[in-house]
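Understanding the architecture of this molecule
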Amino acid sequence: MSGIKKVLFVILAVLTAVALVAGCGGGQQAQQEEQKPSDQAKPILRVASDTAYAPFEFVDTSTGDYIGFDMDLIRAIAEELGYEPKIESMAFDGVLAAVETSKVDCAVSAITVTKERLERMDFSKAYYQSGLSIVVKEDNNTIKSFEDLKGKRIAVQAATTGAKKAKTIEGAKVTQFDRITDALLEVKKGSADGVINDNPVNQYYLNQETGKGLKIVGDLLSAEDYAIAVPKGNTELLQQINDALMKLKENGKFNEIYKKWFGVDAPADLPRDYVAVD
Ligand code: ARG
């Protein structure tokens, strides 16, 4: 063996030994974890979500956990049905695509039920009523309503109802972002004049340190129902999810989660049948 080959051989041998030792240790640990009776044999529920949409789905920076209203809700539903939920985080357009192509079992991501989407996927009962609002800089005195957005620079999250609405505005320059937080940042920086996005998310953002210097203007531009999306034709899971939602409504757990994130009781009619928007 040449000098170089010898050195390579030794490195390879050491790496193999390390991998073996690490592998064994990990295996034992995994086994121990698997033996917890509560986890045993629970089928996985793969859930797609764009986890940068507080207060519905976002990351707890101190623990790295996915938290929010939607996260608590899907965990409660999974618990009810005996599933182990596995959140798969992706951009919002990816969330919709993942449901459409059955790459996941369902998606919970503050998804509005629209007529267009109903052709591509099925929806559970509605669990939240939302609506779009406009965010501008606090010192902006020219944009007071939807009408004033004509010819303006608007930042939106791609594939959302807010993006669709923005595209109807005459002469507007619409820029799409994967994350709504990046769209909001554009307004803060002055690179965009306004954002059109779900009002509860706008409100939450404005109440954080990062939202300083921004304001919401005008009336809500829509009334939209959020529901859990399921691949078309999976009627069994859809039925299970709906049953679980009604059970959580009856036993008070739905209200508990709602109150935790929104500070008020859930509207008495939720969850209920959805109304799809255009
Ligand atoms: N409700 C809007 C829609 O369905 C926006 C949802 C965006 N959700 C998210 N997690 N980024 O189009």
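Right above here is the structure, for reference.
Report follows, based on the coordinates.

Conventions adopted
Residues numbered from 1 in each chain as written. Predicted model: local features only at pLDDT ≥ 70, side-chain atom pairs only at ≥ 80, totals over all residues. Heavy atoms only, no water. Near = heavy atom within 4 Å. Polar contact = N/O pair within 3.5 Å; in protein donor to acceptor, adjacent residues only side chain to side chain. Areas by Shrake-Rupley, 256 points an atom, 1.4 Å probe, with all protein chains shown as cover. 1 Å grid on protein atoms, 1.4 Å probe; cavity = no way out; pocket = protein on both sides within 12 Å on 5 of 7 lines; lining within 4 Å. Sits in = over half its atoms within 2 Å of the grid points. Nonpolar A, V, L, I, M, F, W, Y, C, P; charged D, E, K, R; others polar. Axes fitted to C-alpha atoms, helices over the stretch in contact; angles between N-to-C directions. Helix = DSSP H or I, 4+ residues; strand = E, 2+ residues; numbered from the N terminus. Parallel < 35°, antiparallel > 145°, perpendicular 65-115°, else oblique. Contact = heavy atoms within 4.5 Å. Buried < 20%, exposed > 50% of the residue type's maximum accessible area, 1.4 Å probe, protein only. Pairing = 2+ DSSP bridges. Arc of directions from axis to C-beta. Points joined across faces, edges and corners; volume = space filled by probe spheres on them. Salt bridge = Lys/Arg side-chain N within 4 Å of Asp/Glu carboxyl O. Core = buried A, V, L, I, M, F, W, Y, C linked by side-chain atoms within 4.5 Å. Expected span 1.5 Å × (residues − 1).

All right, on to the site of the ligand then. In the vicinity of the ligand lie 14 residues, with Asp50, Ala110, Thr112, Arg117 and Asp198 positioned nearest. For the ligand, a nitrogen atom lies 2.8 Å from a polar atom in the side chain of Thr112. Asp198 has a polar side-chain atom sitting 2.6 Å from a nitrogen atom of the ligand. For the ligand, the protein covers 100% of the area, taking 350 Å² as the surface of the free molecule. Judged by the fraction of its atoms near the pocket grid, the ligand is located in the largest cavity. Taken together, the residues of the shell around the ligand sort by class into five nonpolar, five polar and four charged.

Here we come to the packing of helix 2 (residues 69-81) against helix 8 (residues 235-250). For any two helices packed against each other, the geometry is given by the interaxial angle and the distance between the axes. The contact between helix 2 and helix 8 brings their axes to 9 Å, and the two run at 105 degrees. Classed by the angle they form, the pair helix 2 and helix 8 counts as roughly perpendicular. Residues Leu73, Ala76, Ile77, Glu80 and Leu81 of helix 2 lie in contact with helix 8, whose contacting residues are Gln240, Ile241, Ala244, Leu245, Lys247 and Leu248. By residue class, the composition of the contact of helix 2 with helix 8 is eight nonpolar, one polar and two charged.

Here the focus is the pairing of strand 6 (residues 121-130). Regular strands place side chains that alternate from one sheet face to the opposite one. Most of strand 6 is tucked away, with eight of its 10 residues classed as buried. Alignment of strand 6 against strand 12 (residues 224-231), held across seven bridges, turns out to be antiparallel. Counterpart to Ala126 in the pairing with strand 12 is Ala227.

With that settled, the discussion passes to helix 3 (residues 92-100). Buried within helix 3 we find Phe92, Val95, Leu96, Ala98 and Val99. Buried residues in helix 3, looked at end-on, bunch into an arc of 160 degrees, giving them a common side. As for helix 3, its buried residues are in contact with strand 1 (44-49), strand 5 (106-107), helix 4 (115-118), strand 6, strand 8 (153-157) and strand 12.

Okay, empty space enclosed by the protein next. Scanning the entire structure with this criterion turns up one cavity of 30 Å³ or more. The calculated volume of the largest cavity comes to roughly 80 Å³. Asp50, Tyr53, Phe92, Ser109, Ala110, Ile111, Thr112, Arg117, Gln157, Thr160, Thr161 and Asp198 are the residues that line the largest cavity. Of the residues in the lining of the largest cavity, the class split is four nonpolar, five polar and three charged.

Quick look at the pattern of salt bridges now. A full pass over the atoms with the stated rule returns 17 salt bridges. Notably, a salt bridge pairs Lys260 with Asp72, separated by 2.7 Å at the nearest N-O pair. Here Lys260 is found in helix 9 (residues 253-262), whereas its partner Asp72 is found in helix 2, with 188 residues between them in sequence. For Lys260, a relative accessible area of 54% gives the class exposed. Close ionic contact of Lys115 with Asp278 constitutes a salt bridge, the shortest N to O distance being 3.0 Å. Placement of Lys115 in helix 4 and of Asp278 in the segment after helix 9 is noted, with a sequence separation of 163 residues between them. Residue Lys115 is classed as partly exposed on the basis of its relative accessible area, which comes to 45%. One salt-bridge network, in which partners are shared between bridges, spans Asp225, Asp269 and Arg272.

Looking now at the nonpolar core. Counting residues in hydrophobic clusters, the biggest one holds 48 residues, and the most contacted among them are Phe69, Ile74, Ile77, Tyr127 and Phe254. Those elements giving two or more residues to this core turn out to be strand 1, helix 2, strand 6, helix 6 (180-189), helix 7 (199-206), strand 12, helix 8 and helix 9. By size, the runner-up hydrophobic cluster in this structure holds 14 residues, among which are Phe92, Val95, Ala98 and Met121.

Let us now look at helix 8. Along its 16 residues, helix 8 runs 22 Å from first to last C-alpha, staying within 8% of the 22 Å computed at 1.5 Å per residue. Residues of helix 8 that are buried include every one of Leu237, Leu238, Ile241, Asn242, Ala244, Leu245 and Leu248, and no others. End-on view of helix 8: buried residues confined to an arc of 160 degrees, all on one side of the axis. Those residues of helix 8 that are exposed and aimed more than 90 degrees away from the buried face are Thr235, Glu236 and Glu250. The elements touched by buried residues of helix 8 are strand 1, helix 2, strand 5, strand 6, strand 12 and helix 9. Backbone geometry just after helix 8 places Gly252 at a positive phi near 85 degrees.

As for its placement among the helices and strands, Leu184 is situated in helix 6. Among the residues examined, Leu184 registers a relative accessible area of 0% and is labelled buried. Distance in space between the C-alpha atoms of Leu184 and Val136 is 8.8 Å, their sequence separation being 48 residues. Contact partners of Leu184, with chain neighbours within four places excluded, come to Val135, Val195, Asn202, Tyr205 and Leu214.

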